[in-house]
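Analysis of the macromolecular model
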Amino acid sequence: TIKENIMNLRKLALLAFLAALFAFPAEAQFYGNINQPTQHTCLSDVMYREAGILRDKGMRAVGHAVINRTKDRRFPNTICEVVYHKLNGMPQFQWTVFRNLPPKDPAMYAQAKNIATEILNNDSTDATKNAVFFTIVTDGWFGGAIYKGDIILTLTIGPKRFYKFKSFLTKG
């Protein structure tokens, strides 16, 4: 009937709206595709949020690990896709799901932006040796347990450890 068709169209429209709403990163989801963060912003944000307290060395290592993911076919293709990627429904970076993050420290975020520019311009050496994972290890726990046996520790900076796969699967 016409009434059923209208109800089905409304349901489809609602589902399409919800799908579009949740397809965008938390910071941009209410503004639509035009205001999605740039690759530079995504890299700056992940370095700041994941390693800001470790300053230059830590932020640089996190930035390279994210870039390395874009080069490995087991991960998404762009920096923003990597940052907002979910594995089995779980975000790779917990801060990406929070709407009310603490404000950024201007000096520390400026440093993250400068390092992101260097990395994107290939003016920075990858000290992680192709790491694609990083975590803070507490009491021997490693969050990448699903890859147990297939990963190698490549770098430690303070409490943060960086890991790579034994085999790097390049794209292309």
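The following paragraphs examine the structure supplied in this document. It should be emphasised that the depicted structure is a prediction, and the values quoted were computed from it without experimental measurement.

It is worth spelling out the overall build of the protein at this point. Within the protein, the secondary structure is distributed over 5 helices and 5 strands. Listing every helix and strand of the protein by position from the N terminus yields α-α-α-α-β-β-α-β-β-β. Relative to its full complement of 172 residues, the protein shows a buried share of 40%. Contacts in the protein between residues at least 24 apart in sequence constitute 66% of all its contacts with a sequence separation of at least 6. Just so you have it, the protein exposes about 10500 Å², and 57% of that area is on carbon and sulfur atoms.

According to the stated counting rule, one finds 5 salt bridges in the structure shown. Note that Asp45 and Lys104 form a salt bridge whose closest N and O atoms lie 3.0 Å from each other. Here Asp45 is found in helix α2 (residues 39-51), whereas its partner Lys104 is found in the loop between β2 (90-91) and α5 (106-120), with 59 residues between them in sequence. With its nearest N and O atoms 2.9 Å apart, the salt bridge here joins Asp56 to Arg60.

By the element assignment, Thr125 lies in the loop between α5 and β3 (133-136). By relative accessible area, Thr125 is classed as exposed at 67%. When the C-alpha atoms of Thr125 and Ala61 are compared, they prove to be 9.2 Å apart, with 64 residues separating the residues in sequence.

As a further point, take the nonpolar core. Counting 31 residues, the largest nonpolar core has Leu43, Val46, Met47, Val66, Val83 and Phe162 as its most contacted members. Of all the secondary-structure elements, those providing two or more residues to this core are α2, α3 (55-71), α4 (79-83), α5 and β4 (151-157). Sequence-distant contacts of Met47, that is, excluding residues within four places in its chain, are made with Gly52, Met59, Val62, Gly63, Ala112, Ile115, Ala116 and Ile119. In this structure, Phe75, Val132, Phe133 and Ile151 belong to the second largest nonpolar core, which totals 6 residues.

One pass over the full model with this rule turns up 7 aromatic pairs. Ring centres of Tyr48 and Tyr109 lie 5.6 Å apart, and the angle between their planes is 85°; on these two criteria the pair is classed as edge-to-face. A residue pair is termed long-range when its members are at least 10 positions apart, and Tyr48 in helix α2 and Tyr109 in helix α5 qualify at 61 residues. Comparing Tyr48 with Tyr109, the two get one shared label, buried.

This paragraph deals with the sheet that holds β3. The 3 strands are arranged β3-β5-β4 in an open sheet whose pairing can be described as antiparallel. Looking at which strands have only one partner, the edges of the open sheet turn out to be β3 and β4. Taken over all neighbouring pairs, the strand axes of this sheet differ in orientation by 30° on average, direction set aside. Relative to strand β5 (residues 160-165), β4 runs antiparallel, the two being bridged by 6 bridges. Opposite Thr156, over in β5, you have Arg161 as the bridge partner.

Basis of the calculations
Residues numbered from 1 in each chain as written. Predicted model: local features only at pLDDT ≥ 70, side-chain atom pairs only at ≥ 80, totals over all residues. Heavy atoms only, no water. Helix = DSSP H or I, 4+ residues; strand = E, 2+ residues; numbered from the N terminus. Buried < 20%, exposed > 50% of the residue type's maximum accessible area, 1.4 Å probe, protein only. Contact = heavy atoms within 4.5 Å. Areas by Shrake-Rupley, 256 points an atom, 1.4 Å probe, with all protein chains shown as cover. Salt bridge = Lys/Arg side-chain N within 4 Å of Asp/Glu carboxyl O. Core = buried A, V, L, I, M, F, W, Y, C linked by side-chain atoms within 4.5 Å. Phe/Tyr/Trp six-rings, centres within 6.5 Å; stacked < 30°, edge-to-face > 60°. Pairing = 2+ DSSP bridges. Axes fitted to C-alpha atoms, helices over the stretch in contact; angles between N-to-C directions.

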